[in-house]
Amino acid sequence: MQAVTPFRIDVPQADLDELNQRLARTRWPDELPGVGWDYGVNKDYLVELVRYWNTDYDWRRHEARLNSFPQFTTTIDGQNIHFLHVRSPEPDATPLIITHGWPSTVYDFLDVIGPLTDPRAHGGDPADAFHVVAPSVPGFAFSGPTREVGWGSNRTARAWVELMSRLGYERFGAQGGDFGSIVSPELGRVAPDKVIGIHVNALANASTPTNDTDMDWLDEAEREQARAQELWWYEHSGYATQMGSRPQTLAYALNDSPAGQLAWNLEWFVDWDPTRTDQTPVDRDALLTNVTILWLTQTAGSAARIYREAGAEGWGERPAPSPVPTGVANFLGDKAILGLAELSNTITHWSEFSRGGHFASLQAPDLLVSDIQAFFRSLRSR
């Protein structure tokens, strides 16, 4: 059960043909005139994206790119775990486990793995090198669906500790965004003796207060920001409410309609009119590769379950403090508040960026890499 097995993606052509047939037969709903993105994903935008997916998008090119990275599977706590494992040419590189969020996959990390593992080849300092492990979160993509309840952030973090030990890494760093920003700090709570430091972007649980006393720790500017973000979340959280309460009902639609699955993913990738946002747009091939992976592995429904699992763990409540040094990168559109982050984390590094966005590894990979390197460099100098 502790075997680590090489893995290669090889999607049958019949599965791709069926996907294209379904896309061609999409039954489109009506849309109110002039509403743009105010009622949800804009129809004109989605129709054009589905057309591109069906006629111009090349899965085989992205499959080959994924297969250019060493991939493996192993079984931990009864769950299949798929992961990339890219060792640095630098022998003293720091082991680093990086965790994606929803509705992402490890494809998000392909632009950052090279600079992280081999900074010398990218004009950087070889002392900043990492051995990178990038698992598919249980329930997502090539890890396959979860088979029992309980795969929230704590169980995932404990599985990551076992994975790193299985690979020979007894001391390591952690990085993550979105759901990965919940899992990575949890590593510092379940195994503080093993985790060197934690770097997160898109920090998910430090943007709004969880109770009245949280506001007492904030200055007036932070209180005003927190109140504004509570309103923003109320207007944008419909997707999370559904997945956090009744994910199985949603799974039937996601597993049966690729256009519907794409629209659902766009709630977070593009939940505002892209002509009005100043965030860096996510490349449409990257977006479509993520949704294609979830479609081909039939894991959109099980991926949605992480919201229900996280809720059962107390997501929305303030986590216990982590003693591990933690760095936060706030990209354009991210909403973490320092005063709230400090309630649950030992913050030693805080960065603000006016470029990028919530999916930083896709929108500003250069800035994300440099901030990860700067944070772990600061730990070496302490």
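In this text the structure is predicted, and so the values were computed from the model without any measurement.

**Considering the layout of surface pockets**
Right, so step 1: Of the volumes computed, that of the second largest pocket is approximately 480 Å³.
Right, so step 2: In terms of lining, the second largest pocket is formed by 23 residues, of which the most central are W28, P29, L46, G260 and A263.
Right, so step 3: Put simply, the parts of the chain that give the lining of the second largest pocket at least two residues each are α2 (43–55) and α10 (258–269).
Right, so step 4: Considering each element in turn, the lining of the second largest pocket owes the most residues, 5 residues, to α10.
Right, so step 5: Of the residues that constitute the lining of the second largest pocket, the class distribution is 10 nonpolar, 5 polar and 8 charged.

**Topic: the UniProt feature "domain: Epoxide hydrolase N-terminal" (unreviewed entry) in the protein chain**
Right, so step 1: Here, the residues flagged by UniProt with the feature "domain: Epoxide hydrolase N-terminal" (unreviewed entry) are residues 4–109.
Right, so step 2: Counting secondary structure, residues 4–109 comes out at 32% helix and 22% strand; the distance between its end C-alpha atoms is 21 Å.

**Comments concerning the pairing of strand β7 (residues 195–201)**
Right, so step 1: Burial analysis of β7 places 6 of its 7 residues in the buried class, which makes it a mostly covered element.
Right, so step 2: Pairing of strand β6 (residues 172–177) with β7 involves 5 bridges; the strand directions are parallel. Bridge pairing in β7 links G176 to V200.
Right, so step 3: Taking the sense of rotation as the criterion, the β-α-β connection linking β6, helix α6 (residues 180–190) and β7 turns out right-handed.
Right, so step 4: Note that β7 and strand β8 (residues 325–330) share 4 bridges and pair parallel. Looking across to β8, one finds that H199 is bridged to G327.

**Describing the pattern of salt bridges**
For side chains bearing opposite charge, pairing can occur when the charged atoms are close.
Right, so step 1: Under the defined criterion, the tally for this structure stands at 18 salt bridges.
Right, so step 2: A salt bridge links R377 to D128; the nearest nitrogen and oxygen atoms lie 2.7 Å apart. Here R377 is found in helix α15 (residues 365–380), whereas its partner D128 is found in the loop between α4 (110–117) and β5 (130–135), with 249 residues between them in sequence.
Right, so step 3: On the accessibility criterion, R377 (37% relative accessible area) is partly exposed.
Right, so step 4: On the accessibility criterion, D128 (3% relative accessible area) is buried.
Right, so step 5: Salt-bridge contacts for R223 lead to E220; the nearest nitrogen and oxygen are separated by 3.3 Å. With R223 and E220 both in helix α7 (residues 220–236), this residue pair falls 3 residues apart, about one helical turn.
Right, so step 6: Taking the relative accessible area as the measure of exposure, E220 reaches 46% and is therefore partly exposed.
Right, so step 7: Taken together, the shared-partner salt bridges connect E18, R22 and D256 into one network.

Each value, and the rule that gives it
Along each chain, residue indices are assigned from 1 in the same order as the chain's sequence is written. At least 70 in pLDDT is required for a residue's local features to be given in this predicted model, at least 80 for side-chain atom pairs to be given and counted, and no such filter applies to totals for whole chains, interfaces and linings, which use all residues. Note: side-chain values were computed over all heavy atoms of the structure, leaving out hydrogens and water. Definitions used for this entry: grid spacing 1 Å over protein atoms alone; cavity, a set of points where a 1.4 Å probe fits but cannot get out; pocket, an open set with protein on both sides within 12 Å along at least 5 of 7 lines; lining residue, one with an atom within 4 Å of a point. Grid points are joined across faces, edges and corners, and a volume is the space filled by probe spheres set on the points. We count a stretch as a helix when DSSP gives it H or I for four or more residues in a row; a strand needs E for two or more, and each element gets its number in order from the N terminus. We call Asp, Glu, Lys and Arg charged. Ala, Val, Leu, Ile, Met, Phe, Trp, Tyr, Cys and Pro are nonpolar, and the rest, Gly among them, are polar. UniProt positions are given in the numbering used here, feature names are shortened, and annotations may be inferred rather than shown by experiment. Categorising residues by exposure relies on relative accessible area from a 1.4 Å probe, with only protein chains included: less than 20% of the type maximum marks a residue as buried, more than 50% marks it as exposed, and the intermediate range marks it as partly exposed. One bridge is not enough; two strands pair if DSSP finds at least two bridges between them. A right-handed crossover is one whose linking path, passing over the helix from the first strand to the second, runs clockwise when the strands point away from the viewer. Salt bridge criterion: a side-chain nitrogen from Lys or Arg within 4 Å of a carboxyl oxygen from Asp or Glu.

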